[in-house]
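For reference, the chains in residue letters:
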Amino acid sequence: MSNVITANNLTLSYDSEEEIIKNANFSIKKGDFVFITGPSGSGKSTLLKSFYGNLTPDDGALVVGGLDMIDIKKDKLQELRSHLGIVFQDYRLINEWTVEKNVVLPLWISGYSEEVQKTQAKRLLHHVKLSGKEEKYPMELSGGEQQRVGVARALAKNPFLILADEPTGNLDEYSSNVIWDLMENACHQLDTTVVVVTHRIPMVFNIPYRHFTIDENGSVYEIH
Amino acid sequence: MKFIKTHVSLIFPLMAILLGLEFFIVFDRTTDTFEKNLQNGYSMMVVSKDEMSIDDFKSWDKHIEQVIELEKVKILERLQMTKEDEKKMKFQDSLPNFYSLKLDGYLTVPELEKVKSNLEKSDNILSIESFQSAYQSKYELFSFIKFAFQTFILFMSIISFFLILKQMEVWNFLHAQRMKIMEIFGASLFLRSKVLINMALIDAVISALITSAIFYVIQNVWVRGSQMDILRDNVDAMFAFTDILILLVASIFVVMVAVYLVVVNVKEE
């Protein structure tokens, strides 16, 4: 199976000061479900940011979706991002937009027709059990519901890779389980690669997964 | 309410800049006419021994545009001498030549003195009257009004520009989060700025139309009904329909610069 992400001696830092990730070597294949864990400040989110081009590697090589993330051009990065699904701990929904408009943001960016956007929004909101909330605004929803909107947005364009940064960090147990189910389904049914940064791997997880951990020195290991 | 507040806080400073610009255009147009009238009404009196042509005068100073010879007969008529007077012919022959000189523009007082000193270099010229004191008082008053008005417009524009910058900070706060989210999902710069551009364009059009309407009303209600000759004489200079285009272009230019400043200052988290 082809690699979706490949890192060779990957080194990451902010403003080239203290190195956060040091000489990381790993590869993530299509259809993999990967958890990245580690203590606070170890660089989990930093590593995830480098996967969607929010942080340029200082050294080594990082290839995502066949694109070299060190020399990536702005238009190529935009194209790559339009094929990714990204979920954040703080949801990052556009508060002045309705739930429906938030869900179809990736489709709107890619210029899909309004008809397609409407159909997809309906299907996705049904999938995340938020039917009937199309015209609501994010601030009118609970945290768990907002995160489900975030997941629906991430799934909108059938991405080849979903990146999630602490997706259940702010949620109660019930809402967390709903989010994990959605992620499992995306990986299992759609063969989408999923990379999740989390403090804690859920107790019950129904599909095989890989577990990477980052230690306090910024070294990345895979736990078998 | 929030929507109106967001728009008004950009429209007001934008209108202040446009009012300043339109006042400047109107003032420039009006003073241009006034300057031409002053120029047309002004002439320099020169007395010469022998007859002189326009080229003779121009060889001494390039600012001389027109030369009008004052006929000696008319001067004699003014002296109430009859045709039968025997002395008339002798007197006429002994009279020097009188010329009224028109200049090519409304010159400053030092420039006027320079013209006079250049002409005085000619041995043929006996006397020059530049009517400098009358000229100077008109010129200084005119220059003072022009300077005061331009300073006021400049001052008003600077304050308005700072108000727009302040509004940009508000826009930045309001739109930065949305633009950052859109950037993460691969939106181009144009798509990210689209909402801001639309809003700014609406405000630009509204500001230009309100400013145009204000000047149209001033022209047709206040100036036409005014008792002041200077205002009535310049009623057409107060507002022209081409000004709407100038205001619209200026307004769009200002808001697009503002939008650009907001967009480039939004940094991805």
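Residues numbered from 1 in each chain as written. Chains lettered and ligands numbered in written order. Predicted model: local features only at pLDDT ≥ 70, side-chain atom pairs only at ≥ 80, totals over all residues. Heavy atoms only, no water.

Caption draft 1: Representation of the packing of helix H7 (residues 189-223) of chain B against helix H10 (residues 242-265) of chain B within the structure. Residue and element names in this part refer to chain B. At their nearest, the axes of H7 and H10 sit 8 Å apart, and the two run at 150 degrees to each other. In terms of crossing hand, the pair formed by H7 and H10 is right-handed. Contacts between H7 and H10 involve Leu189, Ser193, Leu196, Ile197, Ala200, Leu201, Ala204, Val205, Ser207, Ala208, Thr211 and Ser212 from the former and Ile244, Leu247, Leu248, Ser251, Ile252, Val255, Met256, Val259, Val262 and Val263 from the latter. When its residues are assigned to classes, the contact of H7 with H10 shows 17 nonpolar, five polar and no charged. (Axes fitted to C-alpha atoms, helices over the stretch in contact; angles between N-to-C directions. Helix = DSSP H or I, 4+ residues; strand = E, 2+ residues; numbered from the N terminus. Left-handed = near helix turned anticlockwise from the far one by under 90°. Contact = heavy atoms within 4.5 Å. Nonpolar A, V, L, I, M, F, W, Y, C, P; charged D, E, K, R; others polar.)

Caption draft 2: Broad picture of the interface of chain A and chain B. Facing 18 residues of chain A, the contacting portion of chain B comprises 16 residues. Approximately 1,600 Å² of surface area, both sides summed, lies buried where chain A meets chain B, with 63% of it carried by carbon and sulfur atoms. Considering only the surface of chain A that becomes buried against chain B, Arg81, Arg92 and Ile109 of chain A emerge as the three largest contributors, covering 33% of it. In this structure, the connection of chain A to chain B is made through one salt bridge. Glu96 of chain A is paired through a salt bridge with Arg178 of chain B; the nearest N and O atoms lie 3.8 Å apart. Between chain A and chain B we count one residue pair in polar contact (both at pLDDT 80 or more) in total. If you list the elements that add at least two residues to the side of chain A that touches chain B, you get helix H2 (74-81) and helix H4 (105-109) of chain A. Counting residues per element, the side of chain A that touches chain B draws most heavily on H4 of chain A, at four residues. Split by residue class, the side of chain A that touches chain B holds 10 nonpolar, three polar and five charged. (Buried area = accessible area lost by both parts, 1.4 Å probe. Salt bridge = Lys/Arg side-chain N within 4 Å of Asp/Glu carboxyl O. Polar contact = N/O pair within 3.5 Å; in protein donor to acceptor, adjacent residues only side chain to side chain.)

Caption draft 3: Inspection of a negative patch on the surface at higher detail. Residues and elements named next belong to chain A. Together, Asp15, Glu17, Glu18, Glu19, Asp58 and Asp59 make up a negatively charged patch on the protein surface. Structurally, Glu18 is set in the loop between strand E1 (3-13) and strand E2 (19-29). Given the relative accessible area of 68%, Glu18 is considered exposed. (Patch = residues over 30% accessible without salt bridge, like charges linked within 9 Å, V, L, I, M, F, W, Y side chains within 5 Å. Areas by Shrake-Rupley, 256 points an atom, 1.4 Å probe, with all protein chains shown as cover. Lys, Arg positive; Asp, Glu negative; His and termini not counted. Charge placed at Lys NZ, Arg CZ, Asp CG, Glu CD. Buried < 20%, exposed > 50% of the residue type's maximum accessible area, 1.4 Å probe, protein only.)

Caption draft 4: Focus on the UniProt feature "transmembrane region" (unreviewed entry) in chain B. Mapped onto this numbering, the UniProt entry gives "transmembrane region" (unreviewed entry) at residues 7-27, 147-174, 195-218 and 238-263 of chain B. For residues 238-263 of chain B, the helix share is 88%, the strand share is 0%, and the end-to-end C-alpha distance is 38 Å. (UniProt positions renumbered as here; feature names shortened; annotations may be inferred.)

Caption draft 5: Quick peek at the confidence of the model for chain A. On average, residues of chain A carry a pLDDT of 91, and 99% of them reach 70 or more. Between the elements of chain A, mean pLDDT differs from a low of 88, seen in helix H7 (residues 173-190) of chain A, to a high of 96, seen in helix H3 (residues 99-103) of chain A. (pLDDT = per-residue confidence, 0-100.)

Caption draft 6: Quick peek at unusual backbone geometry. Residues and elements named next belong to chain A. You will see that Asn9, though not glycine, has its phi angle at about 50 degrees, which is positive. Its location among the elements puts Asn9 in strand E1. Judged by relative accessible area, Asn9 falls into the partly exposed class, the value being 41%. Backbone geometry places Lys129, a non-glycine residue, at a positive phi of 60 degrees. Note on placement: Lys129 falls in the loop between helix H5 (114-127) and helix H6 (143-155).

Caption draft 7: Just H10 of chain B, in detail. The end-to-end C-alpha distance of H10 of chain B, which contains 24 residues, comes to 35 Å, matching closely the 34 Å that a straight helix rising 1.5 Å per residue would cover. Looking only at H10 of chain B, the buried set comprises Asp243, Leu247, Ser251, Val254, Val255, Ala258, Val259, Val262 and Val263 of chain B. (Expected span 1.5 Å × (residues − 1).)

Caption draft 8: A look at the sheet that holds strand E3 (residues 33-37) of chain A. Residue and element names in this part refer to chain A. The strand order across the open sheet formed by six strands is E6-E7-E8-E3-E9-E10, and the pairing between neighbours is mixed. With one partner strand each, in any of the chains shown, strand E6 (84-87) and strand E10 (220-223) form the two edges of the open sheet. Within this sheet the neighbouring strands show an average axis-to-axis angle of 20 degrees, counted without direction. As defined by bridge partners, E6 adjoins strand E7 (residues 161-165) across four bridges and the pair is classed as parallel. Looking across to E7, one finds that Ile86 is bridged to Leu163. This element, H7, spans E3, E6, E7 and strand E8 (193-197) of the sheet and lies at about 135 degrees to E3. (Pairing = 2+ DSSP bridges.)

Caption draft 9: Focus on a nonpolar patch on the surface. On the surface, a cluster of nonpolar side chains totalling about 590 Å² of accessible area is made up of Tyr216, Val217, Val221, Trp222 and Phe241 of chain B. Take Tyr216 of chain B: it is sitting in helix H7.

Caption draft 10: The packing of H6 of chain A against H7 of chain A, seen in detail. Residues and elements named next belong to chain A. It is at 9 Å that the axes of H6 and H7 come closest, and there the two elements cross at 10 degrees. Looking at the two axes, H6 sits roughly parallel to H7. Where H6 abuts H7, its residues Gly144, Gln147, Arg148, Val151 and Leu155 lie against Ser175, Val178, Ile179, Leu182 and Ala186. When its residues are assigned to classes, the contact of H6 with H7 shows six nonpolar, three polar and one charged. (Parallel < 35°, antiparallel > 145°, perpendicular 65-115°, else oblique.)

Caption draft 11: Geometry of the environment of Asn158 of chain A. Residues and elements named next belong to chain A. Structurally, the position occupied by Asn158 is in the loop between H6 and E7. Remark: the alpha-carbon pair of Asn158 and Asp191, spanning 33 residues in sequence, is separated by 10.0 Å. Not counting the four nearest positions on each side in its chain, Asn158 is found in contact with Arg123 and Leu190.

Caption draft 12: View of the side chain of Gln167 of chain B. Residues and elements named next belong to chain B. Relative to the assigned elements, Gln167 resides in helix H6 (residues 132-184). According to the relative accessible area criterion, Gln167 is buried, its value standing at 7%. Only 3.1 Å separates the side chain of Gln167 from the side chain of Ser9, close enough to count as a polar contact. Once you skip the residues sitting within four places of it in the chain, Gln167 turns out to touch Thr6, Ser9 and Leu10.

Caption draft 13: Quick look at the sheet that holds strand E3 (residues 97-103) of chain B. All names here are of chain B. The antiparallel open sheet is built from four strands, whose spatial order is E2-E3-E1-E4. Every other strand in the sheet has two partners, leaving strand E2 (64-70) and strand E4 (125-129) as the edge strands with one partner each. Put simply, the sheet's adjacent strands are angled 25 degrees from each other on average, direction ignored. Note: strand E1 (residues 44-48) against E3, five bridges, orientation antiparallel. Looking at E3, one finds that Met44 is bridged to Leu101.

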